[in-house]
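Structure at a glance
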Amino acid sequence: GIVLGTLKYGEKGVVVHILTDVIGRQSYMVQGVRPTARGSKMALLQPMFAVEYIGLESQKMSMHRMKDLVPGIVLQSTPFDVRKSTMALFMAEVLYRLVKESEPAEGLFDFVWGSVEALDALQATTLRRCSNESIELDTFMSLMSANALL
């Protein structure tokens, strides 16, 4: 899945909104990810991070639980580049607002997963050109989709 955002819940828990390929946007409760000790999984729950997880879903509960969480794509530059992180945050916010809960969209998921990879692979010179020339959002998104298809 792809993390769209998180909400703090209690002292050590978070509610994670994830875009999935099979069931669309889902919310999961994750306990014990906010301790101050090293090795916290909170680093994996940044917007637009691709993760693989084991979810415990129940028909009786509206909020599902997450059992295990590992990186789906190890991002090399996005977490360390302010421009890329800002773009990722914007993309996550747009997706969160547009995709409804339990609305499967496998094509959209594949596109977003590829866009995360393409954004991470973009060189700094391409980003500078985008910001210096004030390329409109739709042009930039087409650039990302072209990179995702390569």
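Anyway, here's the lowdown on the structure attached to this text. (Residues numbered from 1 in each chain as written. Predicted model: local features only at pLDDT ≥ 70, side-chain atom pairs only at ≥ 80, totals over all residues. Heavy atoms only, no water.)

For methionine 48, which is not glycine, the phi dihedral falls at a positive 70°. Assignment of secondary structure puts methionine 48 in the loop between strand S3 (24-30) and strand S4 (51-56). Residue classification places methionine 48 among the buried positions, given a relative accessible area of 2%. (Helix = DSSP H or I, 4+ residues; strand = E, 2+ residues; numbered from the N terminus. Buried < 20%, exposed > 50% of the residue type's maximum accessible area, 1.4 Å probe, protein only.)

Our focus in this paragraph is the pattern of salt bridges. The full count for this structure, using the stated rule, is 2 salt bridges. The salt bridge partner of arginine 83 is aspartate 81, with a shortest N-O separation of 3.6 Å. (Salt bridge = Lys/Arg side-chain N within 4 Å of Asp/Glu carboxyl O.)

Relative orientation of the contacting elements helix H1 (residues 82-98) and helix H2 (residues 106-121) amounts to 170°, with a least axis distance of 10 Å. The pairing of H1 with H2 is recorded here as roughly antiparallel in orientation. Between H1 and H2, the residues in contact are Lys84, Met87, Ala88, Met91 and Leu95 and Leu108, Val112, Ser115, Leu119, Asp120 and Ala121, respectively. Residue composition of the contact of H1 with H2, grouped by class: 8 nonpolar, 1 polar and 2 charged. (Axes fitted to C-alpha atoms, helices over the stretch in contact; angles between N-to-C directions. Parallel < 35°, antiparallel > 145°, perpendicular 65-115°, else oblique. Contact = heavy atoms within 4.5 Å. Nonpolar A, V, L, I, M, F, W, Y, C, P; charged D, E, K, R; others polar.)

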